[in-house]
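Report on the structure
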Amino acid sequence: MTESANLYLRQILAIARKDIRVYYTKGPTLIFGLLFPFFFFLSFVVGREMEPTTLMPGLIAMVVFFSATAVGPVIFPIETRGNTLERLVSLPVPLWCILTGDSLASAAFCLISSTVPVTLAYLLIGLSLGQIALTVVGVIAGSVCFAFFGQLLSAPPVDQTSTIMMLGTMVKFPLVFISGIFIPLVALPEMIRFVSLLSPLTYLADLFWGLLTGASVFHPLLNLAIIAGWTVLLIVASFLAHRRTLEKRL
Amino acid sequence: MEQVIFAEDIVKRYGDVSAVDGISFSVQRGEIFGLLGPNGAGKTTTVRMLTGVISPSSGSISILGLDMPASANEIRKHIGVLPETANVYVDLTGQQNMALFGNLYGLKKDAITERSAQLLRKMNILEASNRLAKTYSKGMKQRLSLSMTLMTDGEVLFLDEPTSGLDAESAREIRGVISEMADEGRTILLTTHNMQEAQDLCSRVAVINRGKIAAIDTPVNLRRTFEERQSVVMQFAQPIPKERIQALAGVGEVFVTGPNVRCYTSDPGMVLTGLVELAEELGIKVISGSTETASLEDVFLELIRSKGERR
């Protein structure tokens, strides 16, 4: 590894470590990352007789989606308000390193949170080793993709977390309903299925539906490839959006 | 001498408003250069442009011979920046804040440990370094913030209002550290709205207001201007004729509003005595009297005026 690549890696890890220490226990992170998907799931399940197999894909996808997008939107408004962002950008740390470090912390939060539904799925459904491995790969891919999605949501130059969370909720809620979280993509009406193809969450949900119940539209590898494509798109969009709004934050 | 900081005709516009309007100056190696001006004068915007945090609308900047912002990342490896507020991570301990900055500067683990201990000891916060920064006083936070800036051992330091809002003791300690850093050969650009601080620390000072530089001079020369802009403010029971006041020794400009009088002077004591004697002679009672030092706005106006007269 070259000297500069080594430095960038250290900077990314230092930023991620700082985020883990500072932002994991913040109220909005816990509310939107843990409580929200839990109660969302309960509101869907309570009073309905459903097999665990039909519950798990939606639960895992929802936990990945909400927890991966919970930390990123908290960081930038708080760092703007506390003027710590100005300190970071006056150091020899490129903006992409800051964004990658923040996203790494978001993805790690998602991985930790997702262990609960994945373990539940393993215990209730009795997954094979191959199913578990692909589920874990899906969780990792989803965590990275949606960490940058959360990062993109935090680009507006505001210093109030509530503003970003409100904006995020306006985007995230419709995505949950159109992405085949509770009803597999194959069972969605054709019109909604067409719209759902525009959402990156659709491919993660379809991946889990396919792995856990066999009810999927796309091959698991195609789903993973599309998620990877979305990840690249979101990384670029997030970087461009933050570069554009950075001066307005100071 | 080598120019370490060079700014030529830099402008920063936000819409139709120019926060900085055509500033030019240079700072030599080893110099403490002050940007002196009231709040909102454009000092912080200037520092942000010099450190590449924001880009100038026009003009050119060079730090250590490299163009800013084109070579921002390379330049930042050799500079330390202390922004205006004591912006440390309050949810991290002092030690964790130091380690974060050490890692971001790319220092090795041993170097981080050694340098952190050295700086925190120097700033008198070593014992508190395992406590969360949210438990620190404002002065402690500012000392921690300055320690974080110094983790890089940068040869050029940009310190934006380093003593603003601190108690006298903390401010004195910070000034002491700045002097030591200068003695170690660092080039320092310091912004302040405190004339005394500029005089005590800086070898040269640029007076800035409304985004423009009015003068660049040594503190001694600028102080002469300040002295001429001291004033005596008095209130009498009845109005006193302006021509009688102007006839007094040592009086410069005079402003009379009813029974209220303001006289600009370089010798407030003499003018105060003269005004009291004049009031006694006219049989008018003195209600109140005080002396005031020049505000930065006064100094700026005086500098603008004297520049105009020289032309």
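Owing to the predicted nature of the structure, the values given are computational and were not obtained by experimental measurement. (Residues numbered from 1 in each chain as written. Chains lettered and ligands numbered in written order. Predicted model: local features only at pLDDT ≥ 70, side-chain atom pairs only at ≥ 80, totals over all residues. Heavy atoms only, no water.)

The subject of this paragraph is the packing of aromatic side chains. All names here are of chain A. Applying the stated criterion to the full structure yields 9 aromatic pairs over all chains. With a centroid separation of 5.0 Å and 65 degrees between ring planes, the pair formed by tyrosine 24 and phenylalanine 109 is classed as edge-to-face. Taken as a pair, tyrosine 24 in the loop between α1 (3-23) and α2 (27-45) and phenylalanine 109 in helix α6 (residues 95-125) lie far apart in primary sequence, 85 residues in all. Accessibility classification places tyrosine 24 together with phenylalanine 109 in one group, the buried group. Ring plane angle 35 degrees and centroid distance 5.7 Å describe the contact between tyrosine 203 and phenylalanine 218, whose orientation is recorded as tilted. Of this pair, tyrosine 203 sits in helix α10 (residues 200-213) while phenylalanine 218 sits in the loop between α10 and α11 (220-249), placing them 15 residues apart in sequence. With respect to burial, tyrosine 203 and phenylalanine 218 carry one shared label: buried. (Phe/Tyr/Trp six-rings, centres within 6.5 Å; stacked < 30°, edge-to-face > 60°. Helix = DSSP H or I, 4+ residues; strand = E, 2+ residues; numbered from the N terminus. Buried < 20%, exposed > 50% of the residue type's maximum accessible area, 1.4 Å probe, protein only.)

The next subject is the domain arrangement of chain B. Along its sequence, chain B is organised into domain 1 (1-78 + 154-219 + 296-311), domain 2 (85-153) and domain 3 (227-293). The straight-line distance from the C-alpha centre of domain 2 of chain B to that of domain 3 of chain B is 52 Å. (Domains from an automatic or database assignment.)

Turning next to the interface of chain A and chain B. Each side of the interface is counted separately: chain A has 27 residues, and chain B has 30 residues. Of all residues in chain A, Arg10, Arg87 and Pro92 of chain A give up the largest surface area on contact with chain B, accounting jointly for 28% of the area buried on that side. Remark: the boundary between chain A and chain B carries 3 salt bridges. The partner of aspartate 91 of chain B in a salt bridge is lysine 26 of chain A, and the shortest N-O contact between them spans 2.7 Å. Applying the counting rule to chain A against chain B returns 14 residue pairs in polar contact (both at pLDDT 80 or more). When residues of the side of chain A that touches chain B are traced back to their parent elements, those giving at least two are α1 and α5 (84-89) of chain A. A class-by-class count of the residues in the side of chain A that touches chain B yields 13 nonpolar, 5 polar and 9 charged. (Contact = heavy atoms within 4.5 Å. Buried area = accessible area lost by both parts, 1.4 Å probe. Salt bridge = Lys/Arg side-chain N within 4 Å of Asp/Glu carboxyl O. Polar contact = N/O pair within 3.5 Å; in protein donor to acceptor, adjacent residues only side chain to side chain. Nonpolar A, V, L, I, M, F, W, Y, C, P; charged D, E, K, R; others polar.)

A few words on the nonpolar core. Residues and elements named next belong to chain B. Ile5, Phe25 and Leu189 are the most contacted members of the largest nonpolar core, which has 100 residues in total. When residues of this core are assigned to domains, at least three map to each of domain 1 (1-78 + 154-219 + 296-311) and domain 2 (85-153). With residues near it in sequence (within four places) discarded, isoleucine 5 still touches Phe25, Ser26, Val27, Leu50, Ser62, Ile63, Val156, Phe158 and Leu189. (Core = buried A, V, L, I, M, F, W, Y, C linked by side-chain atoms within 4.5 Å.)

What follows deals with helix α6 (residues 168-183) of chain B. Residue and element names in this part refer to chain B. Helix length check: α6 (16 residues) gives 23 Å between terminal C-alpha atoms against 22 Å at 1.5 Å per residue, within 8%. Along α6, the residues classified as buried are Ser170, Ala171, Ile174, Val177, Ile178, Met181 and Ala182. What you see down the axis of α6 is that its buried residues fit within an arc of 140 degrees, all on one side. The exposed set on the far side of α6, more than 90 degrees from its buried face, consists of Ala168, Arg172 and Asp183. Against β3 (32-36), α5 (138-149), β7 (156-160), β8 (187-192) and α7 (195-201) lie the buried residues of α6. For α6, the capping residue at the N-terminal end is aspartate 167, with a side-chain oxygen 3.1 Å from the backbone nitrogen of glutamate 169. One or two positions beyond α6, positive phi appears at glycine 185, with a value near 95 degrees. (Expected span 1.5 Å × (residues − 1). Arc of directions from axis to C-beta.)

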